[in-house]
Structures are given as C-alpha cells and as structure tokens.
Amino acid sequence: MRTIVLIAIVGFAAQLVDGSLGMAYGVTTTTLLLAIGTNPAAASATVHLAEIGTTLVSGVSHWRFGNVDWKVVRRIALPGAIGAFLGATILSNLSTEAAAPIMAIILLLLGLYILLRFTFQGIPRHNLGKPLRKRFLGPLGFVAGFVDATGGGGWGPVGTPAILASGRLEPRKVIGSIDTSEFIIAVAASLGFLFSLGSQGINFAWVAAILVGGVIAAPIAAWLVRHIPPRLLGSSVGGLIIFTNTRSLFRSDLVDVPQTAQTVIYGIIIVAWAAAFAYSLQQYFGDRENESSDAVSRVREEQEQVGARSDEGDAVAAS
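Heads up: these notes are all about the structure in this document. (Residues numbered from 1 in each chain as written. Predicted model: local features only at pLDDT ≥ 70, side-chain atom pairs only at ≥ 80, totals over all residues. Heavy atoms only, no water.)

### Digging into the overall build of the protein chain
The helix and strand inventory of the protein chain stands at 13 helices and zero strands. Along the protein chain, helices and strands appear, N-terminal first, in the series α-α-α-α-α-α-α-α-α-α-α-α-α. Per element, the accessible surface of the protein chain, about 14,700 Å² overall, is 66% carbon and sulfur. (Helix = DSSP H or I, 4+ residues; strand = E, 2+ residues; numbered from the N terminus. Areas by Shrake-Rupley, 256 points an atom, 1.4 Å probe, with all protein chains shown as cover.)

### Looking at the side chain of Ser190
Mapped onto the secondary structure, Ser190 falls in helix 8 (residues 171-197). With near-sequence residues (within four places) excluded, Ser190 lies in contact with His48, Leu49 and Ile52. (Contact = heavy atoms within 4.5 Å.)

### Observations concerning the environment of Val158
With respect to the helices and strands, Val158 occurs in helix 7 (residues 155-166). A relative accessible area of 7% means that Val158 is categorised as buried. Spatially, the C-alpha atoms of Val158 and Ala144 are 5.5 Å apart, while their sequence positions differ by 14 residues. (Buried < 20%, exposed > 50% of the residue type's maximum accessible area, 1.4 Å probe, protein only.)

### Quick look at the packing of aromatic side chains
This structure, assessed with the given rule, holds four aromatic pairs. Both rings, one in Phe120 and one in Tyr279, keep their centres 5.4 Å apart while their planes meet at 45°; by these two values the pair is tilted. Placement of Phe120 in helix 5 (residues 99-121) and of Tyr279 in helix 11 (residues 259-286) is noted, with a sequence separation of 159 residues between them. Here the aromatic rings of Phe243 and Tyr266 are separated by 5.3 Å at their centres, their planes lie at 40°, and the arrangement is tilted. Residue Phe243 is located in helix 10 (residues 230-251), and its partner Tyr266 is located in helix 11; the two are separated by 23 residues in the primary sequence. Since its relative accessible area comes to 23%, Phe243 is described here as partly exposed. The rings of Phe243, Phe250 and Tyr266 are connected pair by pair, giving a single aromatic cluster. (Phe/Tyr/Trp six-rings, centres within 6.5 Å; stacked < 30°, edge-to-face > 60°.)

### Here's the deal with the packing of helix 10 against helix 11
Taken N-terminus to C-terminus, the directions of helix 10 and helix 11 make an angle of 170°; their axes are 9 Å apart at the nearest point. Here helix 10 is positioned roughly antiparallel relative to helix 11, judged by the angle of their axes. Contacts between helix 10 and helix 11 involve Arg231, Leu232, Ser235, Ser236, Gly239, Leu240, Ile242, Phe243, Thr246, Arg247 and Phe250 from the first element and Gln262, Ile265, Tyr266, Ile269, Ile270, Trp273, Ala276, Phe277, Ser280, Leu281 and Gln283 from the second. Partitioned by chemical class, the residues of the contact of helix 10 with helix 11 number 13 nonpolar, seven polar and two charged. (Axes fitted to C-alpha atoms, helices over the stretch in contact; angles between N-to-C directions. Parallel < 35°, antiparallel > 145°, perpendicular 65-115°, else oblique. Nonpolar A, V, L, I, M, F, W, Y, C, P; charged D, E, K, R; others polar.)

### Details of helix 7
Its twelve residues place the ends of helix 7 17 Å apart at the C-alpha level, agreeing with the 16 Å of an ideal helix rising 1.5 Å per residue. Here helix 7 lies mainly inside the structure; twelve of its twelve residues are buried. Where helix 7 terminates, the next one or two residues include Gly167, which has phi positive at roughly 70°. (Expected span 1.5 Å × (residues − 1).)

### Looking at the nonpolar core
If you look at the biggest cluster of nonpolar residues, it comprises 32 residues, and the most contacted ones within it are Ile76 and Ile163. Only helix 4 (70-90), helix 5, helix 6 (134-151), helix 7, helix 8 and helix 10 provide two or more residues apiece to this core. With seven residues, helix 8 is the single largest residue contributor to this core. In this view, Ile76 contacts Leu137, Leu140, Gly141, Trp155, Ile163, Ile178 and Ser181; residues no more than four positions away in its chain are not counted. Among the nonpolar cores identified, the runner-up in size contains eleven residues, and Ile7, Ala14, Leu49 and Ala209 belong to it. (Core = buried A, V, L, I, M, F, W, Y, C linked by side-chain atoms within 4.5 Å.)

### So, helix 10
The terminal C-alpha atoms of helix 10 lie 32 Å apart, and with 22 residues this matches the ideal 32 Å at 1.5 Å per residue to within 8%. With 17 of its 22 residues buried, helix 10 lies for the most part within the structure.

Without other data, these values stay purely geometric and don't point to any function.
What follows is the structure, given as structure tokens:
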C-alpha cells in the first residue's frame, strides 16, 4: 500500500511539472519504475497506459484555459502516433543507448539557447503568429513519438524545446499543444506495447496509482500555464531541459565524470537556473503590461490577423 501511495504522489508531481513546463512526466515516472526493478518495456508500457488518462484530462484542461493551438496538434499528433507505435513495437529488440547521449547534447544546446533567450530578451515577438509548417512539425512529431516510446519519455523534451526555439508560438500554447497531442501518442504507444507484449509485466495497480495522481494535478498545471508570464515559463523550461539532459549525459557511456564533479556541476546548474528565473521575474515586474501572458497572446493574434489579410490579398491578386 505504501508503494502505491508513493507512486501516486510521483504521478501527481510528474504531471504537475509536465503540465506546467511541457515535459518530464514520462522521464520521471519511468525512472521510478526502473529503480524498483521493472524491465524497460514494461515500465514504458505502464507509463503510457497511465498517460492515456492523464493526457486526456490535461488536454481538456489546457483547452478550457485557452492553451491549445489546434493547428499544431493536428500537424504533429499523427506523425507522432506513427513514431510512437513503431517505437513501442520494436523496443524489446532496439538499443537506443548509442543515440541517447547524442540527442541529449542536441537538447542541452537547445535548452541553453532557450534559457538565455527567454531570460535576457523575453519572448521574441517578430515571429509570433507565423504558421508552423507541416514539413517542420511532421518530422519533429515522428522523432519525438519514437523517442517517447523507446525511452519511456521524450514527447515533451523533444517537442517543447524545438517549437519554443522557433519563436512562432508563445510558451503556454506550446506547452498546451504538446500536452494535448500527447494523448494520441500515449494511445498509439500503448497499442504498440499491448500488440508486442500483451499485458506481461504491467502492474495495473501502478497504472491506476499514476493515473490518479496525474488526473488530480492536470487542471492545476493548466491553470498555472495560463497565468505564468511567458518569460518565466521560458526560463523555467530552459533550465529543466539543461538539467535533465546533463543528467542523461552523465548516465551515458559517452562521458566519464566523477561523482563529486557531477554534484558540483548540478549545483552550478541549479544556481544559474535560479538566478535566471529571478532575473526574468525582475524584468516581468518592471514591465507587466508587455510581459504578461495576455499581452503576448494579443501580439500573436494581431500578427496572425495581419498574416491572414496578407494571404487573402495574395490570393485575390493571383486570381
């Protein structure tokens, strides 16, 4: 019973972070299940089964708070589902250990870019409202879905920083759209696991515990995203990306860093992350009128309207 309660608490905490920052649900819960002896395929299957419920509630909550761009969801979800299904069906025969540190380096650099840009410049506004194309979202969704199924988490860590770095969507819309589309990914991955594994190794009591914790946290996280200023969200996401991917590098065979040095590096990252958040908070209080979530949304809507009028004018001229 104690284990079930602890797993439910982890599910709550993981969903609160994931729903607020667009990542870390799968990584957090899968890490816990692996730590208590679950094999990788069963751990990933357990998490994805629970995610069907948590992502559904999370998606509805983000939609109710206006955090979802449905064009992004439509363009990224189907390729993501295909990648997730394929990743789930071949997980038992695939080793991603060689690719994992390379991806961690790429994401680490993206996280550093996001942290610096959002902290010192705020959200860039010149690209806001520009459409995110299928040729970008399709491959991104496929890769993120595949990584998510094979690694027990990855939809948010891959998708969120890539879309944030484009500067075309404010952070709350990025997070809400990624979390909402993750429902499709969870369903596809779960079908893949059930197709290849059956229910072997899946503890449905653990699935229920993770689900309950996540369902409770989902609407709280969606409310937070709706009200936290974009600059603060960007700094928070950037720091989380740097921390989690530094940890992934240390756990890989690519680098060999002594434990003492790892602790020092983690400490430096946390201090720098806190300083960046504090600076972002100071900048927000200095210009609330332009830094608020509603102000950034207005800019995006205005630029979308300008783009739509431009497209209409081009269509009329062409005819």
